[in-house]
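One-letter residues, chain by chain:
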Amino acid sequence: MSTWKHALRALAKSPALVIVSVLTLALGIGATTAIFSVVDAVVLRPLPFPDGERLVQLGDKRANTSDFGTSWSWPNFVSVKEQTRTLGGVATYTSNQASLTLGGEARKVDVTIASADLFTVLGQAPFLGRGFAPDEDQPGKNNVVVLAHSYWKGELGADRNILGQKLVVNGVPRTVIGVMPEGFTFPLQSEEPKLYLPYPEGPLDLELRKERNAHFTWVVGRLAEGRTVTEAAAELETIRQRLAGEFPDALKNRTFQVKQLHEFLIRDVRSGLLVLLGAVAFVLLIACTNVANLLLARASVRQREIAIRLALGASRGRIMWDVLVESLILSLVGCGAGVLLAMWGVDALRGMVPSEIGSIRPLVVDLRMLAFAVAVAAATGLAFGLIPAAQALKAQAGEALQQAAARGGASRTRLRSTLVAAEISLAMLLLVGAGLLLRTFANLQNVNPGFDPNHLTVATVSLPQATYPDDKQWVSYFQRLEQQIATIPGAETAIALPAPLTGSNMGFTISFVGRPPPKPGERVATGFRAASSTLFATLRVPLKRGRLFTAAEEDPTQPAVLVVSEAFVKKFYPDEDPIGKKVIVGYGEPKEREIIGVVGDIKERGLTEDSTPMAYAPYSHTPLPFLSVLARSSAPQGAAVRAAIQAVDKNVPVDIRPMEDYMRDLVAQQRLVMVLLMIFAGVALMLAVVGVYGVVSYGVTQRTQELSVRAALGARPAQLVGLIVRHGLWLALGGVVVGAAGAVALSFVISGMLFGVGRTDPLTYASVAALLVGVTVVASFLPARRAARLDPMAVLRTE
């Protein structure tokens, strides 16, 4: 215990050192702990389901594409479910919104629509009641509902008598049969659903369930006991080949995939989070280096004290332990401050982290985070304490007592200079990474999405199929809504299905009148959008040739017309004029549509993706029970759009968001990583500058007599300043060279997040190098100027 008391008394004599060390360590430990909490919640911990490592996501994609095909057709799902042996269970699900009527008032709620075996596949039993029975995803037997625990507790007052009661969902009374446990949610990467409904939802769903080409639902499975993902993938390909022989049009050029569900969920965020964890590790390393430098300087001051203790018989091991204990005390105090900083950081990350990350597991300060912080503190205490402790072992009692410490001072100066050069190299690495992502973000902000997203409001409408069971009623609603939204003052309005860049896409196979029919399995597809005639003006999509369809042509009795995009022309009519050509595209009965115009491309799938072929048709000619209302005005129009929709039918659920929100979501990951990496790089730069200043100041103190002799022999102040600044400049250049090599390696790790900028972008590297050299020169100039103002005679008389 005396060792700890002695260490506390020794530290109390250097309050400035304690404060600077604790703040430096708090920055490093706090940032590292906060980011670790995110990585732990998202990447390291298993999914919150029993035997979650056996859960897999199934994919069905077009061959020769790199994406994971999330959407399945119902017949393909049923075929896999019936034929698989490697999967112990398979379920299908999709997220949607529904109208829930309580007390005569309808409100929009998020729901998960699933096959009857979803809860069984996930291995999750209800908290109250039961899940879906095996036949409750069949027509006429699906009027049941399972409640999310949060909705049951928050909206229904945790009423345990809720089982057997009726809730009116989408105009249909449904019997409450169960309540899921607290914390359960599925799917994980969406807004938490309030209700779980069994398929089918309405008449359209029944039609879609018959189409092997209609991809509209997602599939999750559970590996059978003892089976692997590799075995499941091989079996799925065998099943696909068998089905392709029977249904070549639907499956010949497709591929079935399987991936662990956890791996699938974090596929877009893993690399970014690991980059951030590596970045904060570098910041922590820089913090340790700075504290080690401070303790080395303190060890030089205490060299005489250590030598006296050696002369009095103290063992070198005891002295080394005393120095290490001082380091551990600093690290533990820094840990306490760092945990407070991490708690604040986790709160900040909740607002910055995209919802698909935070929804996997809540970001909380728990025992794992605290244990990690303590472990980091102990490791850092040893890391920055070993160097001064090792230096203490080199102390020579006789030399110190005779004040002949100059020989040891030179070695300490070289060691501190090496440590600072390492800090600069780490700062270079982080600044280059931040710079590359900053340029990426700027490039993404400048990407033209093909339309004007500013001042645009998007309202997504889903018609309850119990109230609107067929296409005639869908068209009737569309016509009434179009008339109603046209009355919104000062706004340009349009209706479209789907709205661009909202994550919803729709595509159909296409055939060309006058061309030979495609061979089985060789059909091609195009993106498709049903819209009002005002869409192009509202979105500011330019007409390239031909004309647009008119309001009169929205009448379903008029001839069917089509407007296509430039990407459509480039793919299907590269050497022909498409105007006047006829194609068959869409669902239902084959309908010839004449191409009347060509418009500019819209980036449908993301800012970094190439534009896909798109065909636009009047909504009334291809009606569906969901659509989007788009309103453009300099003033927010969300309330006006909602009022217009409710004026047509107050029971229709609607979700309203500004288009700017969707645009921000597209660059959410790059923005998150860029902002945090810039913060960490800024901290690293600050610590590196402090380190340079400390080393140069220490060097000036050590060389005071030499500099005074030079001044006495006629050296001008500018020459003395240059001599000292050159030392800092060499530190900067050495650190920049090593850091640039490390930055090149880092650029390979973040290459998947870059857009419009090369991994070795000369401008970024040169700018960061110039910044580091510049701040190093400034940090060196301040103590150099102080040294140049010394009175050499006064210094020499003192010596």
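Computed from a predicted model, the values in this text were never measured in an experiment.

## As for the overall build of the chain
- Helix and strand counts for the chain come out as 26 helices and 21 strands.
- Here the chain holds 799 residues, and 52% of them are scored as buried.
- Contacts in the chain between residues far apart in sequence, at least 24 positions, make up 81% of those at least 6 positions apart.
- For the chain, the exposed surface amounts to about 34,400 Å²; the carbon and sulfur share of it is 58%.

## What to know about the confidence of the model for the chain
- Per-residue confidence for the chain gives a mean pLDDT of 81, with 85% of residues at or over 70.
- Between residues 397–408, whose pLDDT stays under 50, and residues either more than four places distant or in other chains, the model counts 13 contacts.

## Quick word on a nonpolar patch on the surface
- Taken together, Tyr693, Phe781 and Leu782 make up a surface patch of nonpolar side chains, about 250 Å² in accessible area.
- Relative to the helices and strands, Phe781 is located in helix α25 (residues 762–788).
- Relative accessible area serves as the criterion here: at 35%, Phe781 is assigned to the partly exposed category.

## A short note on the environment of Leu261
- Within the secondary structure, Leu261 sits in helix α9 (residues 261–265).
- Sequence-wise, Leu261 and Glu53 are 208 residues apart; in three dimensions their C-alpha atoms are separated by 7.8 Å.

## A few points about the environment of Leu746
- With respect to the helices, strands and loops of the structure, Leu746 is situated in helix α24 (residues 717–749).
- Contact partners of Leu746, with chain neighbours within four places excluded, come to Leu429 and Gly433.

## Considerations on the nonpolar core
- In this structure, Ile424, Met428, Tyr616, Phe680 and Leu772 are the most contacted members of the largest nonpolar core, which totals 98 residues.
- Beyond its immediate stretch of four places on either side in the chain, Tyr616 contacts Arg529, Leu535, Phe536, Phe549, Val561, Leu562, Val563, Val599, Ile602 and Glu604.
- Formed by 65 residues, the second largest nonpolar core is a distinct cluster that contains Leu47, Leu55, Val179 and Leu236.

## Details of the side chain of Ser628
- Residue position: Ser628 is located in strand β20 (residues 626–632).
- Among all residues touching Ser628, those that are not within four sequence positions of it are Val458, Ala459, Thr460, Ala494, Ile495, Ala496 and Ala499.

## Focus on the packing of aromatic side chains
- Evaluated as defined, the whole model comprises 23 aromatic pairs.
- Seen from their ring centres, Tyr468 and Tyr477 are 5.5 Å apart, and the 75° between their planes marks the pair as edge-to-face. Of the two residues, Tyr468 and Tyr477, both sit in the buried class.
- What links up through ring pairs into an aromatic cluster is the set Phe49, Tyr93, Phe119, Phe132, Phe184, Phe186, Tyr196, Trp218 and Phe264.
- Its end group placed over the ring of Phe512, Arg515 keeps NZ or CZ at 4.6 Å from the ring centre.
- Taking the ring centre of Tyr662 as reference, the NZ or CZ of Arg657 above it sits at 4.2 Å.

## Quick word on the side chain of Thr776
- Here Thr776 is to be found in helix α25.
- If we skip the residues at most four places from it in the chain, Thr776 touches Ile424, Val692, Gly728 and Ala732.

## Considering the packing of helix α3 (residues 74–83) against helix α7 (residues 229–246)
- At a minimum axis separation of 11 Å, α3 and α7 run at an interaxial angle of 120°. Between α3 and α7, the interaxial angle falls into the category oblique. Crossing of α3 over α7 shows right-handed handedness. Each of Ser79, Val80 and Gln83 in α3 lies in contact with α7, whose residues at this interface are Glu235, Leu236, Ile239, Arg242 and Leu243.

## A few points about the packing of helix α17 (residues 471–485) against helix α20 (residues 638–648)
- Taken N-terminus to C-terminus, the directions of α17 and α20 make an angle of 140°; their axes are 9 Å apart at the nearest point. Taken as axis vectors, α17 and α20 run oblique relative to one another. The element α17 and its partner α20 pack so that their crossing is right-handed. Contacts between α17 and α20 involve Tyr477, Arg480, Leu481, Gln484 and Ile485 on the former and, on the latter, Ala644, Ile645, Ala647 and Val648.
- Its residues assigned to classes, the contact of α17 with α20 comprises seven nonpolar, one polar and one charged.

## Comments concerning the pairing of strand β14 (residues 524–531)
- Within β14, seven of the eight residues are buried, which leaves it mostly tucked inside the rest of the structure.
- Across two bridges, strand β12 (residues 492–497) lies against β14 in antiparallel orientation. When the bridges of β14 are listed, Ala496 appears paired with Ala531.
- Inspection of the sheet shows strand β13 (residues 507–512) paired to β14 by four bridges, in the antiparallel sense.

Cut-off values and rules
- Along each chain, residue indices are assigned from 1 in the same order as the chain's sequence is written.
- Reporting of local features is limited, given that this is a predicted model, to residues whose pLDDT is at least 70; pairs of side-chain atoms are given and counted only at 80 or more, and all residues count toward the totals for whole chains, interfaces and linings.
- Side-chain numbers here rest on the full set of heavy atoms in the structure, without hydrogens or water.
- Here a strand is any run of E in DSSP of at least two residues, a helix any run of H or I of at least four, and the numbering for each starts at the N terminus.
- Partly exposed residues are those whose accessible area sits between 20% and 50% of the maximum for their type, while under 20% is buried and over 50% is exposed, using a 1.4 Å probe and protein chains only.
- The contact rule is simple, with two residues in contact once any of their heavy atoms fall within 4.5 Å.
- Only the protein chains shown count as cover for residues, and the accessible areas themselves come from Shrake-Rupley with a 1.4 Å probe.
- pLDDT expresses, on a scale from 0 to 100, how confident the predictor is about each individual residue.
- By definition, no residue in a patch forms a salt bridge, and every one has over 30% relative accessible area; like charges are joined within 9 Å, nonpolar side chains (Val, Leu, Ile, Met, Phe, Trp, Tyr) within 5 Å.
- Salt-bridge detection follows one rule: a side-chain nitrogen of Lys or Arg within 4 Å of a carboxyl oxygen of Asp or Glu.
- Each nonpolar core is a collection of buried residues, namely Ala, Val, Leu, Ile, Met, Phe, Trp, Tyr and Cys, held together in the definition by side-chain atoms within 4.5 Å.
- Between rings of Phe, Tyr and Trp, where Trp is taken as its six-membered ring, a pair exists when centres lie within 6.5 Å; planes separated by under 30 degrees are stacked, by over 60 edge-to-face, and by other angles tilted.
- Either the NZ atom of lysine or the CZ atom of arginine qualifies as a charge over a ring when it sits within 6 Å of the ring centre and within 35 degrees of the ring normal.
- Note on geometry: axes are lines fitted to C-alpha atoms, helical ones only across the stretch in contact, with angles between N-to-C directions running from 0 to 180 degrees.
- Roughly parallel means an angle under 35 degrees; roughly antiparallel, over 145; roughly perpendicular, 65 to 115; everything else is oblique.
- Take the far helix as your reference; a near helix turned counterclockwise from it by less than a right angle gives a left-handed crossing, and one turned clockwise gives a right-handed crossing.
- Just so you know the grouping, Ala, Val, Leu, Ile, Met, Phe, Trp, Tyr, Cys and Pro go in nonpolar, Asp, Glu, Lys and Arg go in charged, and all remaining residues, Gly too, go in polar.
- Note on pairing: two strands pair once DSSP finds at least 2 bridges between them.

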